[in-house]
Amino acid sequence: MTFRIAFLMAAALPLAGQTSIRGFAPGQVGQQRHLEKRALALPEARNIGEYLKRMAAKPHIAGSPASREVAEYAAGLFRSWGYEVAVESFQVLLPYPTQRVVELVSPTKFKASLMEPAIPEDPTSGQKDQIPSYNAYSASGDVTAALVYVNYGVPDDYKVLAEQGIDVKGKIVIARYGQSWRGVKPKVAYEHGAVGCLIYSDPRDDGYFNGDAYPKGPWRPAASAQRGSVMDMSLYVGDPLTPGQPSDGDAKRLALADVTTLMKIPVLPISWEDAKPLLKSLTGPVAPPEWRGALPFTYHIGPGAGEVHLKLDFDWTQKPIYDVIATMPGSTWPDQWIVYGNHHDAWVNGANDPISGASSLLESARSLAMLRKQGWQPKRTIKFALWDAEEFGLVGSTEWVEKHQEELDRKTVAYVNSDANAKGTLGVSGSPSLEEFFEEILRDLPDPADPKRSLLAAQKGKDAKGFHLGTLGSGSDFVAFIHHTGISSLSLGFGFPASGGVYHSIYDDVTWYTKFADPDFEGGKSLSDVTMTSMLRLSDATVLPFEFTRLAATIGGYLKELEKLAADQKGSLNLKAPLAELEKLEAAAAQYETRYQAVNGRLASLSPAALEPLNRALYQTERALLLPNGLPGRPWYKSQICAPGQYTGYGAKTLPGIREPAELGQWKTANEQVGAVVQVLQTLTSRVNEASGLLGKL
């Protein structure tokens, strides 16, 4: 028995034993399951491999001709499958490096190579047109100063420095990658007076300490460095020059001096091979045990007698980017959209990040097109998107959302996001109102690692408390959808633990990926199974599968966390008003659920026209969590329920308007923001009651 046949047989086991799918009447479930079974037979791993090998064949950084070629290739595939295709272009700020110098100038001399060498076993690792290792949106600068080691460079590390009596003012700091998003490190360094920042990859975190380094194993080799943006994404994402507005036509652009998301000091990523002489030059206190990496010497904090020279410059030019949008019109509710996106740009070849996910998206699109040729038509419009310039700061998706925001607000039911993908464990985060919906998806699909059990069983095996969606912070293209526009979102992918070993390096290519991450592309097939099933149910559900008791419980958990935070820090936080509103939301959610269960048996007899107002009210509930003025100090982020943390980057902060000042002991400010949470809870309760009332009329 082939793996593919075994997989399909296993897939049928949970389906046969389940009697309900949220959003479908009992009499519709059998037909829906039959449709999904047909769909699961269509994706082919070999096709995913072909797309990946083509799109990751050469470097294609955003703004380059090669990136446009990848976009045109994908657009051609979509057209060949019968989709309506638009390629939308924006002109955005994408600085490339023009000067990079790191050297130890005293008391000994050392000049960093800042080069990732080709590996003989990897035929594409020596290709031309590889962008040198750098951090996009670093400041230009030419500084010479003493060096200080700051561990991961997060705020708590500076507390340790203060306890040691070490000041980084006027100095260059060196931090290791990890524990936070890279852009936090130069941000915090600047706030403490540093004049430059180096970020190196310590082998303890993603190198030989974890296993064999590439090419023998998947982990980062000695001379490899992690490229990446250091845009301050906690303020806003997208083109730094046009916050809140699309960068097309005659867009009004900020002067560079007025852009708040650019770093204020020069920052550069380096390999541990280049970092080693710099770290060895440090004297001063021995680093605490938790600060020590895996390099073979004693880690000192510094400063030492030596000085480091850091010189960086960039072209600071605007370049074109290309988003590919493929549309399959809906037959019943064409003005209700399901959008699924993954980016196509990469720092270099990007086989893992992002082409693995982009290739799975393409195969999902091909499979749904085949299903349509067999007679199926989605009831709601499905849009596939391949975004450009994600790596610079979610630029392509954000500019597209800002351009189409009014229409997206009116029409978009949900956004599904993927990114890097491999053979491994499924990770998923998303809007709590979609938690029950996605739990049913996991219930009905087999775990590719063990087809005898479901993906849900695999998830519950990781968490004794049961399945819960993670909270969406930042780091991929869902940000503009959920945090700025209030569109319910999911972000998912199968993960390979060692993917960080070549992350954002020249070695993230087809050779590495097919040797270590997903040799047979079955991980890509598994992702297609999950995304296709999700899209089929979202597009065809008679009543959209939003559920609000879990949303209320999730928000209640956030409020309890704030109560504990205040108690632990002996602060004063008055949460009586939001807790009272939460009780009203819980009652509204319970009433909606009662009415949904009562009408569920008659869904098939109701006309699309009668259901349209209900479904519209349902997908507008996430919009209720936004306020027009946004969060304090960062108005672009409008959701009051979650946002990327100002000092966590990718990591989310829940009820951020209250939580972040509370964590800093700013209780007056925290209490001032309680009213904003009360306001969105009131609006949310009103929207749920509206949907419940519409159900009652049915």
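Above this text you will find the structure in question.
Cut-offs used in this document
Residues numbered from 1 in each chain as written. Predicted model: local features only at pLDDT ≥ 70, side-chain atom pairs only at ≥ 80, totals over all residues. Heavy atoms only, no water. Helix = DSSP H or I, 4+ residues; strand = E, 2+ residues; numbered from the N terminus. Rg over C-alpha atoms; globule rule 2.2 N^0.38 Å. Contact = heavy atoms within 4.5 Å. Lys, Arg positive; Asp, Glu negative; His and termini not counted. Charge placed at Lys NZ, Arg CZ, Asp CG, Glu CD. Pairing = 2+ DSSP bridges. Axes fitted to C-alpha atoms, helices over the stretch in contact; angles between N-to-C directions. Expected span 1.5 Å × (residues − 1). Buried < 20%, exposed > 50% of the residue type's maximum accessible area, 1.4 Å probe, protein only. Phe/Tyr/Trp six-rings, centres within 6.5 Å; stacked < 30°, edge-to-face > 60°. Lys NZ or Arg CZ within 6 Å of the ring centre and 35° of its normal. 1 Å grid on protein atoms, 1.4 Å probe; cavity = no way out; pocket = protein on both sides within 12 Å on 5 of 7 lines; lining within 4 Å. Points joined across faces, edges and corners; volume = space filled by probe spheres on them. Nonpolar A, V, L, I, M, F, W, Y, C, P; charged D, E, K, R; others polar. Salt bridge = Lys/Arg side-chain N within 4 Å of Asp/Glu carboxyl O.

K.L.:
What exactly am I supposed to notice about the overall build of the chain here?
P.N.:
Along its length, the chain carries 23 helices and 20 strands. Relative to its length of 698 residues, the chain is compact, with a C-alpha radius of gyration of 25 Å against a globular reference of 26 Å. A separation of at least 24 residues holds for 80% of the contacts in the chain among residues at least 6 apart in sequence. Of the charged side chains in the chain, 70 are positive and 77 negative; the average position of the first set lies 3 Å away from that of the second.

K.L.:
Could you clarify how one ought to interpret the sheet that holds strand S14 (residues 412-417) in this entry?
P.N.:
Backbone-to-backbone hydrogen bonds pair the strands of a sheet. The strands run either parallel or antiparallel. Spatially, S1-S11-S13-S12-S14-S18-S15 is the arrangement adopted by the seven strands of the open sheet, whose pairing is mixed. Where the open sheet ends on each side, the last strands, each with one partner, are strand S1 (84-93) and strand S15 (425-430). On average, each strand axis in the sheet is inclined to that of its neighbour by 20°, with strand direction left out of account. Of the pairings in the sheet, the one linking strand S12 (residues 333-343) to S14 comprises five bridges and is parallel in character. The residue of S14 that forms the bridge with Trp337 is Thr412. Seen against the sheet, helix H9 (residues 351-373) touches strand S11 (318-328), S12 and strand S13 (380-387) and runs at an angle of roughly 150° to S12. Most of the contacts of helix H17 (residues 522-540) go to strand S18 (residues 489-495), to which it runs at about 160°, and overall it touches S12, S13, S14 and S18.

K.L.:
For this particular structure, what's the right way to read helix H20 (residues 608-619)?
P.N.:
With 12 residues, H20 extends 16 Å between its outermost C-alpha atoms, agreeing within 8% with the 16 Å of an ideal straight helix rising 1.5 Å per residue. Restricting attention to buried positions, one finds in H20 the residues Leu611, Leu614, Asn615, Ala617, Leu618 and Tyr619.

K.L.:
Please explain the packing of aromatic side chains as it appears in this structure.
P.N.:
The geometry of an aromatic ring pair comes down to the distance between the two centres and the angle between the two planes. By the definition in use, this model includes 29 aromatic pairs. Where Tyr83 meets Phe384, the ring centres are 5.8 Å apart and the plane angle is 90°; that geometry is what we call edge-to-face. With Tyr83 in the loop between helix H4 (65-80) and S1 and Phe384 in strand S13, the pair connects residues that are 301 residues apart, well separated along the chain. Each of the two residues, Tyr83 as well as Phe384, counts as buried. With a centroid separation of 5.8 Å and an interplanar angle of 90°, the aromatic rings of Tyr134 and Trp347 are classed as edge-to-face. Of this pair, Tyr134 sits in the loop between strand S3 (110-111) and strand S4 (135-136) while Trp347 sits in the loop between S12 and H9; the two residues are 213 residues apart in sequence, bridging distant segments of the chain. The pair formed by Tyr134 and Trp347 is uniform in burial state, with each residue classed as buried. Ring-pair connections join several aromatic residues into one group, and the members of that group are Tyr51, Phe78, Trp81, Tyr83, Tyr340 and Phe384. Just above the ring of Tyr83 sits the side chain of Arg372; from NZ or CZ to the centre is 5.9 Å.

K.L.:
So what exactly am I meant to see when it comes to the sheet that holds strand S2 (residues 97-106) here?
P.N.:
A sheet is described by the order of its strands in space; here seven strands give the open sequence S3-S2-S10-S5-S6-S7-S9, paired in mixed fashion. A single partner strand is all that each edge strand has here, and the edge strands are S3 and strand S9 (267-270). One ladder, built from eight bridges, connects S2 with strand S10 (residues 307-314); its direction is antiparallel. Pairing of Leu104 across the sheet is with Val308, part of S10. Those strands touched by helix H6 (residues 184-191) are strand S6 (172-176), strand S7 (196-200) and S9, and its axis lies near 150° from that of S7.

K.L.:
Explain the side chain of Ser433 here, please?
P.N.:
Inspection of the secondary structure assignment puts Ser433 in the loop between S15 and helix H13 (435-443). Excluding residues that lie within four positions of it along the chain, Ser433 makes contacts with Ser488, Pro545, Phe546, Glu547, Phe548, Leu551 and Glu622.

K.L.:
Whenever I open this one, the environment of Lys252 confuses me. Can you help?
P.N.:
Its place among the elements puts Lys252 in the loop between strand S8 (228-229) and S9. Owing to a relative accessible area of 78%, Lys252 belongs among the exposed residues under this scheme. Between the alpha carbons of Lys252 and Val267 there is a distance of 28 Å; along the sequence they are 15 residues apart. Excluding residues within four positions of it along the chain, Lys252 makes contact with Leu241 and Thr242.

K.L.:
How should I be thinking about unusual backbone geometry in this particular structure?
P.N.:
Residues other than glycine predominantly adopt negative phi, and peptide bonds predominantly adopt the trans conformation. Cis peptide bonds are those with omega within 30 degrees of zero, and the linkage from Gly302 to Pro303 qualifies with -5°. By the element assignment, Pro303 lies in the loop between helix H8 (272-280) and S10. Put simply, Asp353 and Pro354 share a cis peptide bond, and its omega is 15°. Along the chain, the position of Pro354 falls in helix H9. We note that Ala389 has phi near 60°; this positive angle belongs to a residue other than glycine. As for its position among the elements, Ala389 is in the loop between S13 and helix H10 (390-393). Classification of Ala389 by relative accessible area gives buried; the value is 0%.

K.L.:
Just checking my understanding: could you explain the pairing of S11 for this structure?
P.N.:
Side-chain direction in a regular strand flips from residue to residue, so the side chains alternate between the two faces of the sheet. In terms of residue burial, S11 counts as a mostly covered element, since nine of its 11 residues are buried. With 10 bridges connecting them, S1 and S11 associate as antiparallel partners. Across the sheet, the residue bridging to Val85 is Ala326, located in S11. As paired elements, S11 and S13 share five bridges and run antiparallel to each other.

K.L.:
What is the right way to look at the layout of surface pockets in this model?
P.N.:
A probe matching the size of a water molecule, rolled over the atoms, marks out where space remains unfilled. Empty space within the largest pocket amounts to approximately 1,200 Å³. Along the wall of the largest pocket there are 46 residues; nearest its centre are Asp353, Ala420, Gly475, Tyr503 and Tyr650. Of all the elements in the fold, those that place two or more residues in the lining of the largest pocket are helix H7 (203-206), H9, H10, S15 and S18. Residue contributions to the lining of the largest pocket peak at five residues, all from S18. Looking at the lining of the largest pocket, its residues break down into 14 nonpolar, 24 polar and eight charged. The calculated volume of the second largest pocket comes to roughly 670 Å³. Lining the second largest pocket are 22 residues; nearest its centre among them are Pro155, Tyr647, Glu660, Glu663 and Leu664. When contributions to the lining of the second largest pocket are tallied by element, the ones reaching two or more residues are helix H5 (155-163) and helix H21 (656-663). Considering every element that reaches the lining of the second largest pocket, the biggest residue donor is H21, with five residues. Counted by class, the lining of the second largest pocket contains eight nonpolar, eight polar and six charged residues.

K.L.:
Could you clarify how one ought to interpret the pattern of salt bridges in this entry?
P.N.:
A pair can form between side chains of opposite charge whenever their charged atoms are brought close. Under the defined criterion, the tally for this structure stands at 32 salt bridges. Ionic pairing is found between Asp409 and Arg623, a salt bridge with its closest N-O pair at 2.9 Å. Here Asp409 is found in helix H12 (residues 405-411), whereas its partner Arg623 is found in the loop between H20 and strand S19 (642-644), with 214 residues between them in sequence. Given a relative accessible area of 31%, Asp409 falls into the partly exposed group.

K.L.:
So what exactly am I meant to see when it comes to the environment of Ala652 here?
P.N.:
Tracing the chain through its elements places Ala652 in strand S20 (residues 652-654). Expressed as a C-alpha distance, the spacing of Ala652 and Gly470, which sit 182 residues apart in the sequence, is 9.4 Å. When neighbours within four sequence positions are excluded, Ala652 is seen to be in contact with Thr471, Leu472, Gly473, Ala643, Pro644 and Gly645.

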